Every structure is written in C-alpha cells, then in structure tokens.
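# Notes for the structure review
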Amino acid sequence: MSFTVPVEAKPDSLMPGKAWKCAVCGYISPGESPPSECPQCAGTGKEFIEITEKKTLRYKGEMFDVLLINGSSHRANNTGYLADLAEEVLREKKVSYRRYNISEFTINHCWCCYSMRDNACRYPCRDQLDDMPAFHDMVIASKAVIVASPINWNNMSARLKDFLDRLNCIQNLYLLKKPGLTEGKVVGIAVSGHEDGATKTAMDIYLYFQQLGYVLAPFGIAYRVHGAQFNTITDTEFLKNDPLVIQKVKGMVNNVVEMMRLDSEEKLKGKLVPVCE
Amino acid sequence: MNSREEWIMDKKKGIGLCICRMCPSFVDCKEEIAYCLAEKGTSACIKEEQGCLCPGCPVQAEEDFQHVFYCTRGSETGQSHAR
C-alpha cells in the first residue's frame, strides 16, 4: 500500500514523545509505534497517523492528470485496496496522479450557502477554513477523477458525501451563468462492500459528477461485494484474493485513462449546454 | 482588447466595497485594504491566515475573482500569474 500525501494530524495530545492518532475515530495512542488495532473503533494499525504539526492542505497549481480519492473512513482497508489497484494501473500507464485518503484530511460539512441565496455559493468556496479549497483547485486542475467508496447503508461513506457536497460551489457556476470549470472531464468509480447497495452507491456518486459536466468513462464503474452469509472480517481476504476485483478495478482505471487521453475536455470546451439543477 | 489589469475595478471603489476589516485574519496597520486589487505585494502586517471573507465580498463577486487570502498570498492578478 502506498500513500502519496504527507501524514498530517491535528496535535490534540499534550503527551511528550511520539503519539499516534486513529484517522477513523481520533483515538490517541502514545508510543514509538501504533497499536495493531484501535481499542476505540477496531480499525487496524494501518489507520494510525503519527501526530505532527497540523498543516492545511495547499495546492500550488502543479499540473497532474488524475485525482484519485479514497472516500473511505478507513484509508487502508477494502476501499484502500481498490485505490491501491487503481494506483498500479496509473503507474503502469505513466499517468501523473495524486491519491488522497480523505480520512486524513479535514473536510467540513457544506454550509449550504446556496440554500440561503443561489449566488452565495460560488467558487472559491466561502469555507476557507479546512482542506477542501485545495481539493477544489485539484478537481479543477485534473483531467479525470477516480473515486473509490465503501458501501455504508446502501450509500457512499459520509466523509465522501461531505467531499462531494462541497463541490457545489463549482457546480453552481452554471446557475450563475459563469463558465464551467469541470465540463468534459472524465470520472471513474470503484465501490467495495459487504453485501448489497453497490450500484446504488456508484450511481449516487456519479450523479454528482454528471451535474458537474463529467463524462463517465466507458465501463467506468467497478464494484465487488462479498456476501451477507459471511462475517465482515473475511471481506478483506475475499476481495484481495478475488481475481474479478483486480480485473474490474484495473479495467475501469484503464478505461478512464484511455477516455482521458481522447481529451474530451478540450474538444468539448464551449460546445456543451449545461443541463443541471 | 484591454488587459485584465486595465479593466479591473477602480481601487477607490474597491476600498469602499471591501469587507477586509471584518475578517478574522485582518490586522489593522493603517495600510490600504482591498488587497485583491493591489498592484503588487501583500499586506505588510497580516501574516497569519485565520480565515477569509473574500469569497463573500462584493468586490470579488463583481470582478469574478477566483482566488482567496489576497492579503497574504497576493492580488488576483498576482495569484493568477503565479499559476
């Protein structure tokens, strides 16, 4: 498993020496190394981040092609594995990309300024207090987005929904008769889960991107679930040993890259009529 | 065609509309506000980003500016050129 972002966490422990924070629930564990399992939420040791000085995420405009978002609360579990597979393809195809596990970042709930007054919601977002403004800029800068999500209650993760809700300031530009900043870009979606809800989750995610003018890559949705008859502790082993997972996720990422290389964003510039809410 | 620098809002009008003084990041050292319109540089005294009101400011809305934290990161023109 690889991570492309520096480990950063809010220093909310005054304990001297090293300390580790669970990115899932916030549990603080002192010591030279993280515990093998979080005593508070049962996350694995891979969810722990060493506590260092908190820095707000910044994006300084470096060019790259694909933004890969692991939308799970667990950065290193089943959805993280799908993101690992996606990274393998992006590296093989020599695509410049950035991967972010959103559990490592601070993303506030959308303030829904739009619901107060439609022109109150516009890029740049009024909430400049968290890591989302940098993600806004990266969404606009990248040519394609690949989103990986677990299934939580037949839906995407709450963290991912916060992330996608916060894209409203970009989507709302259409309503304000401003030029769109994302139309013609490409999206691919990967979903992992225990039993059901995969296609609903994928389509819920896609609807956000559809409203932003994204094009879903051909065969651009990959999903795999285990089964209700199994204990969730066996899901990881199943997913990691199931050749269909590799075939589907890697195929989807391949399709995103090939679609992106057609440069639909550039070819469609100025030719699309925004049809969205 | 005029350059962007030529058609942006008059500085006096901008200062009149500017809401910098209400911002948590603002430090008053008697310098000219409306940093988004400043010809060069950033504030001499604002060093810490404690929040940004620019996305709700009428200057930014009227000019369709697309950056934030002008006081610490530079004017709209400066930040656009930095890309």
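The structure presented is a predicted model; accordingly, all values stated were derived computationally and were not measured.

## Quick notes on the overall build of chain A
- Within chain A, the secondary structure is distributed over eight helices and eight strands.
- At 19 Å, chain A has a C-alpha radius of gyration in line with the 19 Å of a compact globule built from 277 residues.
- For chain A, with 277 residues in total, the buried portion stands at 52%.
- Taking contacts inside chain A between residues at least 6 apart in sequence as the whole, the part at least 24 apart equals 77%.
- In the form shown here, chain A has an accessible surface area of approximately 13100 Å², with 55% of it arising from carbon and sulfur atoms.
- For chain A, the centre of its 33 positive side-chain charges and the centre of its 33 negative side-chain charges are spaced 5 Å apart.

## Let's talk about helix 2 (residues 132-141) of chain A
- Among the 10 residues that make up helix 2 of chain A, nine are buried, leaving the element largely enclosed by the rest of the structure.
- Looking at the buried positions of helix 2 of chain A, the neighbouring elements they touch are strand 4 (66-70), strand 5 (97-101), helix 3 (158-165) and helix 4 (168-171) of chain A.

## Points about the nonpolar core
Residues and elements named next belong to chain A.
- Membership of the largest hydrophobic core comes to 42 residues, with the highest contact counts inside it found for F135, M138, L160, F163 and F209.
- Among the elements that take part in this core, helix 2 stands out by supplying six residues, more than any other.
- Beyond its immediate chain neighbours, meaning those up to four positions away, F209 contacts V145, V147, L164, V187 and Y214.
- By size, the runner-up hydrophobic cluster in this structure holds 27 residues, among which are A83, I146, A190 and A222.

## Re the packing of aromatic side chains
Residue and element names in this part refer to chain A.
- For the structure shown, the criterion picks out seven aromatic pairs over all chains.
- Aromatic side chains Y100 and F105 sit 5.6 Å apart centroid to centroid with 70 degrees between the ring planes, which places their arrangement in the edge-to-face category. We note that Y100, like F105, is buried.
- Every member of this aromatic cluster is reached through a ring pair, and the members are Y100, F105, F135 and F163.
- Across from the ring centre of Y223, 5.4 Å away, lies the NZ or CZ of K248, which sits over that ring.

## Here's the deal with unusual backbone geometry
- Put simply, Y123 of chain A and P124 of chain A share a cis peptide bond, and its omega is 0 degrees.
- On the secondary structure map, P124 of chain A appears in the loop between strand 5 and helix 2.
- Not every positive phi belongs to a glycine, and F69 of chain B is a case in point at roughly 50 degrees.
- By the secondary structure assignment, F69 of chain B is in the loop between helix 3 (58-63) and helix 4 (70-73).
- On the basis of relative accessibility, which here comes to 4%, the residue F69 of chain B falls in the buried class.

## Points about the interface of chain B and chain A
- Taken together, the 16 residues of chain B in the interface contact 14 residues of chain A.
- Counting the contacts that link chain B with chain A gives three salt bridges.
- The shortest N-O distance in the salt bridge between R122 of chain A and D64 of chain B comes to 3.0 Å.
- Linking chain B with chain A are three residue pairs in polar contact (both at pLDDT 80 or more), by the criterion used here.
- For the side of chain B that touches chain A, the class distribution of residues is six nonpolar, six polar and four charged.

Thresholds applied
Sequence positions are assigned chain by chain, starting from 1 and proceeding in written order. Following the order in which they are written, the chains are lettered starting with A and the ligands numbered starting with 1. In keeping with the model being predicted, local features are shown solely for residues with a pLDDT of at least 70 and side-chain atom pairs are shown and tallied solely at 80 or more, while totals for entire chains, interfaces and linings include all residues. Values reported for side chains reflect all heavy atoms of the structure, with hydrogen atoms and water molecules removed beforehand. Elements are defined by DSSP. Helices are runs of H or I of four residues or more, strands are runs of E of two residues or more, and each kind is numbered from the N terminus. Every radius of gyration here is taken over C-alpha atoms, with the globule rule written as 2.2 Å times N^0.38, N being the number of residues. Each residue is placed in one exposure class: buried if its accessible area under a 1.4 Å probe, protein chains only, is under 20% of its type's maximum, exposed if it is over 50%, and partly exposed if it falls in between. Contact definition: two residues touch when any of their heavy atoms are within 4.5 Å. Residue burial considers only the protein chains on display, and all accessible areas are found by Shrake-Rupley using a 1.4 Å probe. Just so you know, the count uses Lys and Arg for positive and Asp and Glu for negative, and it drops His and the chain ends. Every charge is mapped onto a representative atom, which is NZ of Lys, CZ of Arg, CG of Asp or CD of Glu. By nonpolar core is meant a set of buried Ala, Val, Leu, Ile, Met, Phe, Trp, Tyr and Cys residues that side-chain atoms within 4.5 Å join together. Geometry of aromatic contacts follows a simple scheme: Phe, Tyr and Trp rings, the Trp one being its six-membered ring, pair when their centres are within 6.5 Å, and the pair is stacked under 30 degrees between planes, edge-to-face over 60, tilted otherwise. When the NZ atom of lysine or the CZ atom of arginine is within 6 Å of a ring's centre and also within 35 degrees of its normal, the charge is said to sit over that ring. For this document, the term salt bridge refers to a Lys or Arg side-chain nitrogen within 4 Å of an Asp or Glu carboxyl oxygen. Contacts described as polar in this section are N or O atom pairs within 3.5 Å, which, within protein, must combine one atom able to donate a hydrogen with one able to accept it, while residues neighboring in sequence count only if both atoms come from side chains. Each residue is assigned to one of three groups, with Ala, Val, Leu, Ile, Met, Phe, Trp, Tyr, Cys and Pro labelled nonpolar, Asp, Glu, Lys and Arg labelled charged, and all others, Gly among them, labelled polar.

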